[in-house]
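Coordinates in review
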Number of protein chains: 2
Amino acid sequence: MLKLKQDHSELVVLSVLAEGPSYGYAISKDIAARSDGHFKLTASGMYPLLTKLEKNGLVTTSWEEVKASGSDPDSNGRRRKWYTLSAKGHKHLTKRIELHRQLQSILDGFVQGTSSEQSETQTGLAG
Amino acid sequence: MLKLKQDHSELVVLSVLAEGPSYGYAISKDIAARSDGHFKLTASGMYPLLTKLEKNGLVTTSWEEVKASGSDPDSNGRRRKWYTLSAKGHKHLTKRIELHRQLQSILDGFVQGTSSEQSETQTGLAG
DNA sequence: CTAGATATATCGAAACTTGATATATTCTTC
DNA sequence: GAAGAATATATCAAGTTTCGATATATCTAG
């Protein structure tokens, strides 16, 4: 299991939100599912991150009342906090992705020079 | 300018040392040069990391006296601490690279799905 | 003598990490 | 209707990491 550092978490969460608004719990499940369980972003990592994103204006938020099917119309349902990527967030994500690609290619430059490379021509995606 | 987190720093430093022994200052310059100045690993990041590597047995160390050209044979020259990748370090690096590739491919899965992808075939190195 | 490069190393405030805890609702099963 | 799992948000606290600032000292160029 690969644990995501905040830098990576931010990239992933922003990427998920680029596909449409979502909320903490759903994002968490989404990340676990889409990474085959390799990534896990738990509540204590997720909510401080989302709060930071909101504080920095990268996302906007709104609350939704989750009504139970056939529930009392007067009942206060469970609350969901939706996060929507802002224009600033989109720009930020684009830069972040660019930086991520740069990091990858440069990192590869270092890694490929090592004698630990077992002369594999394939880039490991088939592993 | 990308600042290397310790995880990345460790991977890069280990990779550099896989090509042969080196010392803190040289590694720092090496990283800056080979990344076109995009990466920077400063002294306050480098030395604690190298100490940790040594403590974990991934590298072995030895001191070298750096004599000035035409200096007094009695003078105590500047000292250089050389770091050599150990067998354990080599194994560790191989695992690390594997993990790095895994991280990359999964991360790519998230990033490639974003609408921020400007259908660029080139990988941004020409930017 | 001065300034800048070389060389190693620690300090400390801020930020980050993460299991644990808290709170409350909704769904499923018996 | 009780129990337990899943949904949903959020904070705490103890530990680790980060990184500019600082300290120390030598070497080189002007």
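Structure's up top.
No experiment lies behind these values; they were computed from the predicted model shown.

When helices and strands are tallied, chain A shows four helices and five strands. In chain A, of all internal contacts separated by at least 6 residues, the share reaching a separation of at least 24 is 59%. With an accessible surface of roughly 7500 Å², chain A has 50% of that area assigned to carbon and sulfur atoms.

Residues and elements named next belong to chain B. Taken in spatial order, the three strands make up an open sheet running β2-β5-β4, and their pairing is antiparallel. Whereas interior strands pair on both sides, the edge strands pair on one side only; in this sheet they are β2 (22-23) and β4 (59-66). In this sheet, strand β5 (residues 78-85) lies alongside β2 in antiparallel orientation, the contact comprising two bridges. Across the sheet, S22 pairs through a bridge with Y83, a residue of β5.

What follows deals with the sheet that holds strand β2 (residues 22-23) of chain A. All names here are of chain A. Read across the sheet, three strands follow the order β2-β5-β4 without closing on themselves; strand pairing throughout is antiparallel. Each of the sheet's edge strands pairs with one partner strand only, and the pair in question is β2 and β4 (59-66). Sheet topology places β4 next to strand β5 (residues 78-85); eight bridges connect them, and they run antiparallel. Bridge pairing in β5 places V66 opposite R78. Across the sheet, helix α1 (residues 6-18) lies against β2, β4 and β5, angled at about 90° from β5, the strand it touches most.

Attention now goes to the relation of the copies chain A and chain B. Between chain A and chain B, the superposition needs a rotation of 177° and an axial shift of 0.0 Å, giving an RMSD of 0.4 Å. Given the turn and translation reported, the copies of this chain are related as if by a two-fold rotation axis. For chain A, the minimum C-alpha distance to the rotation axis belongs to Q104(A) and amounts to 3.9 Å.

What follows covers the side chain of E10(A). Residues and elements named next belong to chain A. Residue placement: E10 occurs in helix α1. Residue classification places E10 among the buried positions, given a relative accessible area of 5%. A distance of 3.3 Å separates polar atoms of two side chains, one belonging to E10 and the other to R96. For E10, the contacting residues outside a window of four places in its chain are L49, K52, L53, L58, H92 and R96.

Take the packing of α1(A) against helix α4 (residues 87-111) of chain A next. All names here are of chain A. Between α1 and α4, whose axes approach to 10 Å, the crossing angle comes to 130°. With respect to α4, the axis of α1 lies oblique. Crossing of α1 over α4 shows left-handed handedness. Residues D7, E10, L11, L14, S15 and A18 of α1 lie in contact with α4, whose contacting residues are H90, H92, L93, R96, I97 and H100.

Parameters and conventions
- Residues numbered from 1 in each chain as written.
- Chains lettered and ligands numbered in written order.
- Predicted model: local features only at pLDDT ≥ 70, side-chain atom pairs only at ≥ 80, totals over all residues.
- Heavy atoms only, no water.
- Helix = DSSP H or I, 4+ residues; strand = E, 2+ residues; numbered from the N terminus.
- Contact = heavy atoms within 4.5 Å.
- Areas by Shrake-Rupley, 256 points an atom, 1.4 Å probe, with all protein chains shown as cover.
- Pairing = 2+ DSSP bridges.
- Axes fitted to C-alpha atoms, helices over the stretch in contact; angles between N-to-C directions.
- Least-squares fit on C-alpha atoms with pLDDT ≥ 70 in both.
- Buried < 20%, exposed > 50% of the residue type's maximum accessible area, 1.4 Å probe, protein only.
- Polar contact = N/O pair within 3.5 Å; in protein donor to acceptor, adjacent residues only side chain to side chain.
- Parallel < 35°, antiparallel > 145°, perpendicular 65-115°, else oblique.
- Left-handed = near helix turned anticlockwise from the far one by under 90°.

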